[in-house]
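# Chain and residue survey
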Amino acid sequence: MDLDNLYQDIILDHAKRRLNSGLREPFEAEVHHVNPTCGDEVTLRLHLDGAGDDASIADISYDNQGCSISSASASVMTELLIGKTVAEARPVHDAFLEMMRGKGRVEPDEDVLEDGIAFAGAAKLTARIKCALLSWMAYQDALIQAQEAQHG
Amino acid sequence: MDLDNLYQDIILDHAKRRLNSGLREPFEAEVHHVNPTCGDEVTLRLHLDGAGDDASIADISYDNQGCSISSASASVMTELLIGKTVAEARPVHDAFLEMMRGKGRVEPDEDVLEDGIAFAGAAKLTARIKCALLSWMAYQDALIQAQEAQHG
Amino acid sequence: MDGLLPELEVVRKDFPILERTLANGRALVYLDSANTSQKPQCVIDAMVDHLEHHNANIARAMHQLGAEATEAFEAGRDKVAAFLGAPSRDEVIFTKNASEALNLVANTLAWKGRRQLGEGDEVVITEMEHHSNIVPWQLLTERTGATLRWFGLTDGGELDLSNVDELLTERTKVVAFTWVSNMLGTINPVAELTRRAHEVGAIVVVDASQAAPQLRIDLAAMAPEERPDVVVFTGHKVVGPTGIGVLWGSSELLGELPPFLGGGEMIETVTMARSTYAPIPHKFEAGTPPIAEAVGLGAAVDYLSHLGLDAIRDHEHAITAYALDGLATVPGLRVLGPLDAERRGGAISFEIDGVHPHDVAQVLDSRGVAVRAGHHCAKPAHARYGVQSSTRMSSYLYTTPGEIDALVEALEYTRSYFKLG
Amino acid sequence: MDGLLPELEVVRKDFPILERTLANGRALVYLDSANTSQKPQCVIDAMVDHLEHHNANIARAMHQLGAEATEAFEAGRDKVAAFLGAPSRDEVIFTKNASEALNLVANTLAWKGRRQLGEGDEVVITEMEHHSNIVPWQLLTERTGATLRWFGLTDGGELDLSNVDELLTERTKVVAFTWVSNMLGTINPVAELTRRAHEVGAIVVVDASQAAPQLRIDLAAMAPEERPDVVVFTGHKVVGPTGIGVLWGSSELLGELPPFLGGGEMIETVTMARSTYAPIPHKFEAGTPPIAEAVGLGAAVDYLSHLGLDAIRDHEHAITAYALDGLATVPGLRVLGPLDAERRGGAISFEIDGVHPHDVAQVLDSRGVAVRAGHHCAKPAHARYGVQSSTRMSSYLYTTPGEIDALVEALEYTRSYFKLG
Ligand SMILES: Cc1ncc(COP(=O)(O)O)c(C=O)c1O
Ligand SMILES: Cc1ncc(COP(=O)(O)O)c(C=O)c1O
């Protein structure tokens with residue numbers, strides 16, 4: 001594959017800027033995810049405002065060690081999701097997963113994914129899919145834990 | 001290989017007659033050997049007269065379940081070894097093992113092995129070598145045990 | 001003859017070894033498929049193509065060859081999952097053979113975890129098991145202080161279920177049995193036995209080594225209470241390569257079992273002091289897996305699906321019925337196991353009065369007919385019927401009625417060679 | 001360049017995959033041989049010939065194909081025994097990979113027997129082990145109450161033996177370490193460490209997965225006190241197939257260990273209540289072994305012996321020295337491990353300031369250069385040097401200086417692609 005198709009400017013830019021990185025308070029859930037293949041890691045905190053589907057994602061903060069794809073993906077994700085309600089975030093999350101697991105055959109919807117469509121190139125590379133998904137899986141896990149904590 | 005080369009008359013004859021079969025008293029050692037591949041078994045008793053290399057092999061009695069090769073081999077062995085001293089039996093035993101493990105490439109010495117040379121055909125068949133060796137290995141084991149018992 | 005695979009002669013052309021001639025120019029009559037099956041060209045070619053063009057280690061390799069190898073390996077898993085109708089492809093674990101798959105379960109049940117066995121617990125097996133489904137449970141029960149019990153067999157070669165209520169109790173933690181016997185040919189009532197075992201809370205481990213080659217398995221279609229928790233089979237009996245076996249296990253059970261082998265690929269993270277483990281299937285696949293073998297096995301199950309498991313079953317059934325008829329004409333021959341082709345698989349073990357199985361097999365071999373002689377790794381089942389060993393013919397999808405005729409004729413020759421009757 | 005294999009271009013022709021072109025018409029530059037080696041045509045052909053003409057199950061089959069398959073499989077064992085200079089061919093056990101071989105030892109040490117571990121006992125490993133030589137010992141010590149200890153590493157990438165007297169005591173029951181590190185390339189002092197461990201009565205387990213491909217091993221020639229008790233390696237790294245590994249163990253130790261996997265072929269006799277076990281090697285080879293794989297592995301070690309292990313070592317050495325020189329020219333590149341080619345194997349891990357190893361590997365791949373990025377199943381060694389992951393190039397007997405040039409050039413390109421310096 002063409003390198004520039006993978007390392008699109010959006011990705012290189014996000015990888016450098018790492019929007020919303022650093023761990024912040026307050027948070028309801030903190031999770032730690034590892035990519036077993038390469039050892040890349042992310043610690044992610046989620047702060048919700050409210051409960052249930054209407055809760056708003058007040059903050060997602062993170063600290064990661066990873067390649068440009070995984071760093072950029074965390075950056076893009078936080079930019080996309082912070083400020084949305086849990087319900088509003090869901091279709092974005094689903095669309096990202098669908099694109100990444102589609103082996104390059106899923107045409108991403110820019111209206112939903114915005115900068116996230118830059119990862120369409122990574123979706124074609126088996127070995128990089130996990131990089132791009134790492135922080136998204138961490139968010140999903142954190143969401144479940146935060147909501148469980150609220151119910152408990 | 002030619003069947004008649006394997007199933008020589010000597011073998012079919014010994015397999016039918018099973019010389020010296022049946023378990024007898026007295027004995028100094030009794031061993032039980034199994035061919036793990038097919039489940040064939042032999043129980044063998046050894047009775048020595050005297051001690052050390054000069055001891056004479058007064059009796060070898062056995063009870064076996066096995067194919068014609070393994071039955072004939074027990075019969076031939078007992079016929080060859082009974083009455084010899086332990087020292088006299090050794091070269092016969094060695095020659096038989098050498099022939100069987102020689103993959104058909106060892107020319108057996110009829111003066112030493114007598115009827116035992118009939119197993120030269122079986123030595124060419126990987127799967128039948130263990131059949132022919134079963135009672136000979138049992139004798140060897142019994143000899144060690146009998147001599148240990150004498151020393152103890 | 002009804003029921004044979006359509007175009008059998010064309011199918012046989014897929015198997016290069018069937019053209020072999022043996023000593024004295026004899027054609028090969030291969031009737032030892034329950035021992036191992038022959039391989040079609042497409043399986044061999046898939047492995048060669050992998051080794052010549054795509055070989056790399058998997059998962060961890062980031063380069064193009066690595067991606068190709070990983071995709072080929074995981075496609076093997078997808079194909080096996082489809083072959084079994086597995087509820088989830090992640091429930092398919094590659095082992096080295098069926099024996100390792102059974103040991104994986106038995107070994108991990110000894111270690112700390114929700115399912116750990118101990119004194120007072122019972123494991124129930126049957127008298128018709130292959131040694132690979134006996135010895136692991138002996139080791140487990142000896143090592144944990146649990147007790148091993150077993151179903152006996154009827155004179156007709158079936159499981160004796162008359163004492164099922166006495167055998168399956170709240171102490172029963174595992175029930176392990178074969179779907180199809182490799183010695184008697186018996187097909188066991190998997191659904192019924194699984195339901196009974198589940199009623200007492202036991203996990204059910206089914207050895208499908210002889211079933212997978214010839215019965216259609218559809219796990220997802222089974223009622224959950226009748227679906228075993230573990231089903232294993234082995235690559236080399238389903239026209240696949242050696243060096244690979246399959247353990248399917250429910251996510252629930254596999255999630256509860258502690259790790260078996262530790263090492264590369266089964267971890268999440270490792271420090272010197274402690275490690276955490278990857279989710280299934282990787283948790284149970286330590287080290288470099290059988291990559292080329294998974295490619296070959298994928299091609300193998302595709303080949304079987306392409307012929308159709310129902311068509312294969314019909315073929316086996318027709319050949320088995322024909323063989324039972326043929327064997328019945330040989331004087332002094334006694335079949336061990338069910339005599340009704342409907343109720344059995346394609347392995348037929350028998351005795352002939354006055355000739356030891358080794359000698360039978362030897363004479364058959366001189367005529368090019370390859371069968372197995374011995375205890376077929378089922379000593380207890382032989383002991384049950386008072387025999388030390390037997391001769392076994394076993395057919396497969398490439399077997400012809402003419403090969404059965406050759407067997408029967410060679411058996412007659414055996415009798416005359418040893419001057420019987 | 002001195003030391004290269006004579007006729008390198010002819011040798012390369014033996015490996016069909018080296019003619020592969022990748023995306024964008026790039027030639028393959030395969031520098032991931034420590035991960036898995038490529039296969040020469042003779043290995044592939046040996047397996048194909050076996051599958052097309054001699055396939056049968058072994059040991060138990062009495063027919064001609066069975067005899068051929070058994071002889072071919074056991075010839076594989078003879079060849080491996082010769083390759084290792086094993087004192088006895090029966091001491092060679094076939095496993096599925098190196099990981100299983102290590103687990104075999106660790107798992108059986110947990111069970112009743114003369115060697116069983118318990119509280120107060122210690123197992124000593126090192127910080128440079130592959131996960132496959134760490135996790136099995138963690139599982140063993142966790143499960144038996146024994147304690148896991150380890151040698152640290154020096155800043156230069158070698159074993160820190162300064163506290164050897166403190167680490168190896170009469171409590172030490174097992175010392176397990178790698179001969180050659182797959183991450184740092186370090187060659188460890190096997191003879192010395194083995195002698196020290198034997199002095200305190202410990203058994204010594206050596207992971208030769210990276211040594212077997214490139215160092216001549218002659219077990220029989222070692223002084224008994226310096227000869228490890230167990231040496232393992234894996235087929236796919238010595239130009240052999242996947243699905244097979246080797247455990248060599250002294251008869252004495254193997255005789256003392258209880259069985260690992262139970263099942264067909266490892267038994268002497270089986271009743272429902274109990275079983276007795278076959279002598280080695282069969283005791284540790286339950287079920288149908290990797291038959292075609294043993295044939296392939298036999299052809300592989302013959303191929304290596306034919307080229308000559310000393311010649312291969314010289315080649316690796318020359319290429320490694322050339323690579324270390326080349327890498328030193330890349331700004332911001334830091335090699336992890338010894339910098340002296342004499343004292344290391346052919347795997348070279350490195351970091352480049354400002355680019356993550358994944359991104360390095362990706363850009364290299366776009367130029368056809370296949371390397372590995374990640375922790376290479378050696379997380380603790382990475383942690384020791386304060387890095388999360390690294391990029392690793394690894395050469396083998398077919399590697400050319402031109403391929404090293406291609407690597408260095410591609411690294412320069414990587415730096416420019418990511419706009420460094
Ligand atoms: C040093 C070392 N030990 C053990 C292994 C494990 O080998 P395998 O994955 O074939 O079990 C490897 C290779 O991955 C290795 O490099
Ligand atoms: C019923 C049954 N179970 C288990 C096995 C063991 O399979 P493998 O030897 O491939 O482990 C076999 C075949 O030998 C079998 O027939």
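So, here's what we can say about the structure. (Residues numbered from 1 in each chain as written. Chains lettered and ligands numbered in written order. Predicted model: local features only at pLDDT ≥ 70, side-chain atom pairs only at ≥ 80, totals over all residues. Heavy atoms only, no water.)

### What about the overall build of chain A?
This is how the line gets drawn: Helix and strand labels come from DSSP, where a helix needs a run of H or I of at least four residues and a strand needs a run of E of at least two; each type is numbered from the N terminus. Computation of the radius of gyration draws on C-alpha atoms, with the globule rule given as 2.2 Å multiplied by the number of residues to the power 0.38. Burial classes: relative accessible area under 20% of the type maximum marks a residue as buried, over 50% as exposed, and values in between as partly exposed (1.4 Å probe, protein chains only). Contacts are assigned to residue pairs with any non-hydrogen atoms lying within 4.5 Å of each other. Shrake-Rupley sampling with a 1.4 Å probe provides the accessible areas, and residues are treated as covered by the protein chains on show and by no other component.
Scanning chain A from terminus to terminus reveals six helices and three strands. Counted from the first residue to the last, chain A has its helices and strands arranged as α-α-β-β-β-α-α-α-α. For 152 residues, the compact-globule estimate of 2.2 N^0.38 gives 15 Å, and chain A sits close to it at 15 Å. Dimensions of chain A along its principal axes, counting C-alpha atoms only, are 50 × 30 × 25 Å. In chain A, buried positions account for 51% of the 152 residues. For chain A, restricting intrachain contacts to residue pairs at least 6 apart in sequence, the fraction spanning at least 24 positions comes to 62%. Carbon together with sulfur atoms contributes 46% to the accessible area of chain A, which is approximately 6600 Å² in total.

### Here we look at the overall build of chain C
For clarity, the cut-off: By the counting scheme adopted, Arg and Lys are positive, Glu and Asp are negative, and His together with the chain ends is not counted. A charge is said to be at NZ when it belongs to Lys, at CZ for Arg, at CG for Asp and at CD for Glu.
For chain C, the helix and strand inventory stands at 13 helices and 15 strands. Its C-alpha radius of gyration of 22 Å places chain C within 12% of the 22 Å reference for a compact globule of 421 residues. Overall, chain C is about 70 × 55 × 35 Å in size when its C-alpha atoms are taken along their principal axes. Across the 421 residues of chain C, 69% fall into the buried class. Restricting to contacts in chain C with at least 6 residues of sequence separation, those with at least 24 account for 74%. Only carbon and sulfur atoms are counted for the fraction: they give 49% of the accessible area of chain C, which is about 12500 Å². Each charge class in chain C was averaged separately, 35 positive and 56 negative side chains, and the resulting centres sit 5 Å apart.

### Quick word on the site of ligand 1
Let me state the cut-off plainly: We call a residue near a molecule or strand whenever a single non-hydrogen atom of that residue lies within 4 Å of it. Pairs of N or O atoms within 3.5 Å make up the polar contacts considered here, provided that, within protein, one atom can donate a hydrogen while the other can accept it, and that residues adjacent in sequence are counted only when both atoms are side-chain atoms.
The environment of ligand 1 is formed by 15 residues, the closest being Thr288 of chain C together with Ser99, Asp207, Thr234 and Lys237 of chain D. Residues close to ligand 1 are split across chains C and D. Between ligand 1 and the protein, one listed contact pairs a nitrogen atom with a side-chain N or O atom of serine 209 of chain D at 3.3 Å. Considering ligand 1 on its own, with 390 Å² of exposed area, one finds that the protein chains cover 99% of that surface.

### Focus: the relation of the copies chain D and chain C
Using the following cut-off: A least-squares fit on C-alpha atoms brings the copies together, and the residues used are those whose pLDDT is at least 70 in both copies.
Once chain D is rotated about the relating axis by 180 degrees and shifted along it by 0.0 Å, it coincides with chain C to within an RMSD of 0.0 Å. Seen this way, the second copy is the image of the first under a two-fold rotation axis. Closest to the rotation axis within chain D is the C-alpha of glycine 243 of chain D, separated from it by 2.6 Å. Of the interface residues in chain D, 100% have counterparts in chain C that sit at the interface too, so the contact is made through matching surfaces.

### With respect to the site of ligand 2
Our working rule: Under the convention adopted here, Pro, Cys and the residues Ala, Val, Leu, Ile, Met, Phe, Trp and Tyr are nonpolar, Asp, Glu, Lys and Arg are charged, and Gly plus all remaining residues are polar.
Neighbouring residues of ligand 2: 16 residues in total, closest Ser99, Asp207, Thr234 and Lys237 of chain C together with Thr288 of chain D. Bordering ligand 2 are residues originating from chains C and D. In the model, an oxygen atom of ligand 2 is placed 2.7 Å from a nitrogen or oxygen of the glutamine 210 of chain C side chain. At a separation of 2.8 Å, an oxygen atom of ligand 2 approaches a polar side-chain atom of histidine 236 of chain C. Coverage of ligand 2 by the protein chains reaches 99% of its 390 Å² of free accessible surface. When grouped by side-chain class, the residues that make up the shell around ligand 2 number one nonpolar, 12 polar and three charged.

### Concerning unusual backbone geometry
For the peptide bond that leads from glutamate 25 of chain A to proline 26 of chain A, omega is -15 degrees, which places it in the cis range. Backbone geometry at valine 239 of chain D places phi at a positive 60 degrees, although glycine is not the residue there. Its relative accessible area of 0% is what places valine 239 of chain D among the buried residues.

### Observations concerning the packing of aromatic side chains
Threshold: Working definition: rings of Phe, Tyr and Trp (its six-membered ring) pair if their centres are within 6.5 Å, and the pair is stacked with planes under 30 degrees apart, edge-to-face with planes over 60 apart, and tilted otherwise. Each ring is checked for a lysine NZ or an arginine CZ that lies within 6 Å of its centre and within 35 degrees of its normal; such an atom marks a charge sitting over the ring.
Enumeration according to the criterion identifies 24 aromatic pairs over all chains in this entry. For the ring pair tyrosine 413 of chain D and tyrosine 417 of chain D, a centre distance of 6.1 Å and an interplane angle of 45 degrees mean the geometry is tilted. Placement of both tyrosine 413 of chain D and tyrosine 417 of chain D in helix H13 (residues 401-417) is noted, with a separation of four residues, approximately one turn of the helix. We classify tyrosine 413 of chain D as partly exposed; its relative accessible area is 28%. Taking the relative accessible area as the measure of exposure, tyrosine 417 of chain D reaches 12% and is therefore buried. Put simply, the rings of Tyr7 of chain A together with Tyr413, Tyr417 and Phe418 of chain D touch in pairs and so form one group of aromatic residues. Here arginine 367 of chain C stacks its cationic end above the ring of tyrosine 413 of chain C, 4.0 Å away from the centre of that ring.

### Digging into the packing of helix H11 (residues 357-366) of chain D against H13 of chain D
Residue and element names in this part refer to chain D. Under the convention used in this document: Angular values range over 0 to 180 degrees, each being the angle between N-to-C directions of two axes fitted as lines to C-alpha atoms, with helices fitted over their stretch in contact. In these notes the angle categories are as follows: under 35 degrees is roughly parallel, over 145 is roughly antiparallel, 65 to 115 is roughly perpendicular, and the rest is oblique. Note: crossing handedness is left-handed where the near helix turns anticlockwise from the far helix by less than a right angle, and right-handed where it turns clockwise.
Remark: H11 packs on H13, axes separated minimally by 9 Å, with the N-to-C direction vectors making an angle of 120 degrees. On the basis of their axis angle, the class for H11 and H13 is oblique. Taken as a pair, H11 and H13 cross one another with a handedness that is right-handed. Facing Val360, Val363 and Leu364 of H11, the residues of H13 in contact are Leu407, Ala410, Leu411, Tyr413, Thr414 and Tyr417. Residues that form the contact of H11 with H13 fall into these classes: eight nonpolar, one polar and no charged.

### Examining a negative patch on the surface
Threshold: Patch membership needs two things, relative accessible area over 30% and no salt bridge, and members are linked within 9 Å if like-charged or within 5 Å if nonpolar (Val, Leu, Ile, Met, Phe, Trp, Tyr). A carboxyl oxygen of Asp or Glu within 4 Å of a side-chain nitrogen of Lys or Arg is what we treat as a salt bridge.
Negative charge collects at one region of the surface, where Glu79, Asp109, Glu110, Asp111 and Glu114 of chain A lie side by side. The partly exposed category is assigned to aspartate 109 of chain A, whose relative accessible area is 40%.

### Things to note about the sheet that holds strand S7 (residues 230-234) of chain C
Residue and element names in this part refer to chain C. Quick note on the threshold: Strand pairing follows a simple DSSP-based rule, namely that at least 2 bridges must link the two strands.
Strand order in the open sheet formed by seven strands is S2-S8-S7-S6-S5-S3-S4, with mixed pairing between adjacent strands. Each edge of the sheet is formed by a strand with only one pairing partner; in this case those strands are strand S2 (92-95) and strand S4 (147-151). Each strand of the sheet is rotated relative to its neighbour by a mean of 20 degrees, with strand direction disregarded. The pairing of strand S3 (residues 122-126) with strand S5 (residues 172-178) spans three bridges and is parallel. Bridge pairing links glutamate 122 to threonine 172 in S5.

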